[in-house]
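Structural characterization, general
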Amino acid sequence: MSTATLSQNSQIYIPFLYLIWADGLLTHSELAIVRRVVMADSELPEVEKEQLLLWLDADQPPTEDIFEEWKQWLYNHPVKINPQSNFPLTEYATGLISTQKEINTTGLQDIEYNLGMQVQQYKHLFKIQTIEKQAGPSFDIEVMKTIVNGDTSEIQPKLDHLWQESLLDWQYLPDNKAHRRKVKAQLDFIAQQGLGALAYPKSYGGENSIKTYGQIFEQLIYADPSLSIKFGVQFGLFGGSIANLGSKKHHDRWLTDIGKGKILGCFAMTEENHGSNVRGLKTTATYIPESDTIEINTPSDVDYKVYIGNTLDAQLATVFAQLLVNGNNCGVHAIVVPLRDTTGNLLPGIQVADNGYKGGLNGVDNGKIWFHQVQVPAFNLLDRFGGIDQNGEYQSEIKNRSKRFFVTLSTLIGGRICVGQAANASNKLGLSIAIQYGHSRRQFGAENQIAETILMDYPSHQMRLIPRLAKTYALHFALKDLMEEYSTSLEQLDKRKIETQAAALKVMASNHANDSLQECREACGGKGFMSENRLTQLRSDIDIFSTFEGDNHVLLQLAAKGILSEFQTEFNANSFLGVIKYLKSNWTDSIVNYNPLFTNKIDANHLFSREFHREAFTYRRRRLTFSLAGRMQRLFKKRIKPYQAFLKTQTHMLTLAEAYAEELVLNAIQRAIANTSQEKEKMMLKKISAMYALHTILEHKAWYLEQGYISANKSKAIRQLVHRQAQLLTPDALALIEVFDIPKKYLDLPILQS
């Protein structure tokens, strides 16, 4: 039976048969999908249906003569594949026949989706329509800037003034001494502009705006991550600790001069043997009633403060230590300790050492500090949450020591949000470099091409960069929303909720930055490895973001505990009684067994729908929550000690926290879509959101398949959509990175000058 003699209802299957046997890689189960569609096609004559099924027999493939006949029949038709169609092969197949009768293409579409047939994979087998390049972006860049960045009318003039200063030009400085000198000069200049005090009260030279401070912190990443971090240490950690942990007397004494950069300081929390475990710090602060002083002491040579930024420049240090009053340990408190005199010489009892060269951020002077019976006035105890009264007794309105510790550390959450924003800013810079380079660099191509192919035209290159671009956008909205909530009313915050979200998003942003910058470096080949093109330095500088402001694995556990307690039970790193109480009373609220109605549904409208994305992300987070609760409850029934129970479920907790962060990010970009009225920009945000959501589901496809939430066919359909979405977003990639509004001086790199 020849192709020409087949009925038109059978001929539309020929392109699919040709493609199937052209690569010969289909499995028996995949062939079964095609056979099922053929058998269910009531329009096929029985004789022809039997012939089509014979051609789908894996044990007896079509002969070479039949395959060649298909090839010639297809080649002689003028019809070409439209690569921009939702179902390119289905549209092509129906275009091969001439009929007035409407053809039911549902079966063909099912084959195309289920087998993941993509134009990039078979374009060498068919004639392909030449699609004109998109003339310009599909949205208004300036309008999108407003949607993404919000109202920048207040901050933009300040930033524009900064970028005009040549001192803030980026420069590769391999010598850390020269690098530190430049960063110190940059910090002085920024302080002179009044930008250091932005988060402080207006009475101390600020604007009482942690949000504006965070914007400056984020933007300084473009100039130099070392500058951003030194800025954060001076005005955020050091100055912020006095602003948030001190009382008015401390503000009056120091805050104005800190904001102006007249007093430089450091934040001395981390110790050699106690980084994440702040509660276990060994440095002591002993109250001496006779002199009304506090004696700061490093109890042994291995209990020194370490990795402390600003160590070599600081005049003062906020030192976190165990406060001992009348023989009682009152827990970790912060005390302001002078390190140097007005001439820059170390004061008696102070010993410092340079940490030397690091893997990155070498413009920041990190060091070690020892305190040898250093006495300071009791006035220097930052006493917002606990202090020493006139009778030499410790007093605090927060009687519970664990709660007091939590409240003390919760005042520093803003810095954690800023670190997440800065990490995401590094993504914006790295992706801007890689995507611009990908649009200019050519490599390989078809034999009949005069010019080689642009990198961004390769599907593999699109998949390296476009999903990461979408995730960067989604993270931007999540971090922006979190900062907005944090800065709106600090006194009315649900601090447990904010701390949980800040921990989860800081982890997600810094992990994404490390992954994304490595991919950007590799996507730029040898040029990406040149220091002059920033990517290697940027990658090295951001590496440590996964450790400071909270080690990522520790923060994930913190977030998981917040999720389990639904932000209501108060507990800490060493006490799990609150969690146990919650689980015993609530976990039987039933481990949710979703049986999704659309497990096998693979049509494009469903897979692109935001409802499906929300349901998938929520299901994953809830399922992980209740299954973790169930595991813990079973361990408790076996009389396993709480700490051991948490150790046995630790990796489960990390996965739960990651799922929680991913859901926060999805909800944020979907809120941005809902709040956008401009149609073109709204459509672009929908595409970005779909790319983020579907790519994330694809990354977790093994888990979703294990749970029976999606079928194998649906997994393949999602994979195909992700690839297609990357292709469709690529023409707008240059416009999307322009929305980031990175100053052009920081993209004036040799790699982008071709």
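Provided above is the structure to which this section pertains.
The following refers to the structure shown. (Residues numbered from 1 in each chain as written. Predicted model: local features only at pLDDT ≥ 70, side-chain atom pairs only at ≥ 80, totals over all residues. Heavy atoms only, no water.)

Focus on unusual backbone geometry
Of note, the phi angle at Arg-534 is positive, near 80°, even though the residue is not glycine. Within the secondary structure, Arg-534 is located in the loop between helix 19 (525–528) and helix 20 (535–543). Even without being glycine, Glu-549 reaches a positive phi, approximately 60°. Secondary-structure assignment places Glu-549 in the loop between helix 20 and helix 21 (552–564). (Helix = DSSP H or I, 4+ residues; strand = E, 2+ residues; numbered from the N terminus.)

Section: helix 5 (residues 64–75)
In a regular helix each residue adds 1.5 Å, so 12 residues correspond to 16 Å; helix 5 covers 16 Å between its end C-alpha atoms and thus fits that length. Of all the residues in helix 5, the buried ones are Trp-70, Trp-73 and Leu-74. The buried residues of helix 5 occupy an angular sector of 95° when projected down its axis, which confines them to one face. Looking at helix 5, the residues exposed on the side facing more than 90 degrees away from the buried face are Glu-64, Asp-65 and Tyr-75. (Expected span 1.5 Å × (residues − 1). Buried < 20%, exposed > 50% of the residue type's maximum accessible area, 1.4 Å probe, protein only. Arc of directions from axis to C-beta.)

So, the side chain of Asn-427
Structurally, Asn-427 is set in helix 16 (residues 413–438). Take Asn-427: its relative accessible area is 0%, and that puts it in the buried class. With residues up to four places along the chain from it excluded, the contact list for Asn-427 reads Thr-472, Ala-509, His-512, Ala-513 and Ser-516. (Contact = heavy atoms within 4.5 Å.)

A short note on the pairing of strand 5 (residues 316–325)
For strand 5, a buried count of nine out of 10 residues is recorded, marking the element as mostly surrounded by other parts of the structure. As paired elements, strand 1 (residues 265–268) and strand 5 share four bridges and run parallel to each other. Within strand 5, the position partnered with Gly-265 by the bridge is Leu-316. Relative to strand 5, strand 2 (residues 284–288) is paired through three bridges, and the arrangement is parallel. In the strand pairing of strand 5, Thr-284 is matched with Gln-322. Sheet topology places strand 5 next to strand 6 (residues 328–338); nine bridges connect them, and they run antiparallel. Considered in strand 6, the bridge of Gln-322 is made with Val-332. Between strand 5 and strand 6, which pair antiparallel in sequence order, lie two residues; one of them, Asn-326, sits at a positive phi of approximately 55°. (Pairing = 2+ DSSP bridges.)

Description of the sheet that holds strand 8 (residues 367–371)
A sheet is described by the order of its strands in space; here three strands give the open sequence 4-8-7, paired in antiparallel fashion. This sheet does not close on itself; its edge strands, each paired only once, are strand 4 (305–308) and strand 7 (350–354). Between one strand axis and the next, the sheet turns through 25° on average, direction left out of account. Pairing of strand 4 with strand 8, which is carried by two bridges, proceeds in the antiparallel orientation. The residue of strand 8 that forms the bridge with Lys-305 is Ile-369. (Axes fitted to C-alpha atoms, helices over the stretch in contact; angles between N-to-C directions.)

Here's the deal with a positive patch on the surface
Residues Arg-631, Arg-634, Lys-638 and Lys-648 make up a contiguous surface patch of positive charge. Looking at where Arg-631 falls in the secondary structure, it is placed in helix 24 (residues 610–637). (Patch = residues over 30% accessible without salt bridge, like charges linked within 9 Å, V, L, I, M, F, W, Y side chains within 5 Å. Areas by Shrake-Rupley, 256 points an atom, 1.4 Å probe, with all protein chains shown as cover. Salt bridge = Lys/Arg side-chain N within 4 Å of Asp/Glu carboxyl O. Lys, Arg positive; Asp, Glu negative; His and termini not counted. Charge placed at Lys NZ, Arg CZ, Asp CG, Glu CD.)

Overview of the side chain of Ser-689
Relative to the helices and strands, Ser-689 resides in helix 27 (residues 679–699). Each residue touching Ser-689, except ones within four places of it in the same chain, is listed here: Leu-666, Ile-669, Gln-670 and Ile-673.

What to know about the packing of aromatic side chains
All told, the structure shown has 18 aromatic pairs when counted by the stated rule. A ring pair is formed by Trp-55 and Trp-70, whose centres lie 5.2 Å apart and whose planes are at 85°; its orientation type is edge-to-face. Of this pair, Trp-55 sits in the loop between helix 4 (46–54) and helix 5 while Trp-70 is found in helix 5, placing the two residues 15 residues apart along the sequence. Exposure remark for Trp-55: the relative accessible area of 5% places this residue in the buried category. Both rings, one in Trp-703 and one in Tyr-704, keep their centres 5.2 Å apart while their planes meet at 85°; by these two values the pair is edge-to-face. Tyr-704 carries the same exposure label as Trp-703, and that label is buried. (Phe/Tyr/Trp six-rings, centres within 6.5 Å; stacked < 30°, edge-to-face > 60°.)

Shape descriptors only; they carry no functional weight alone.
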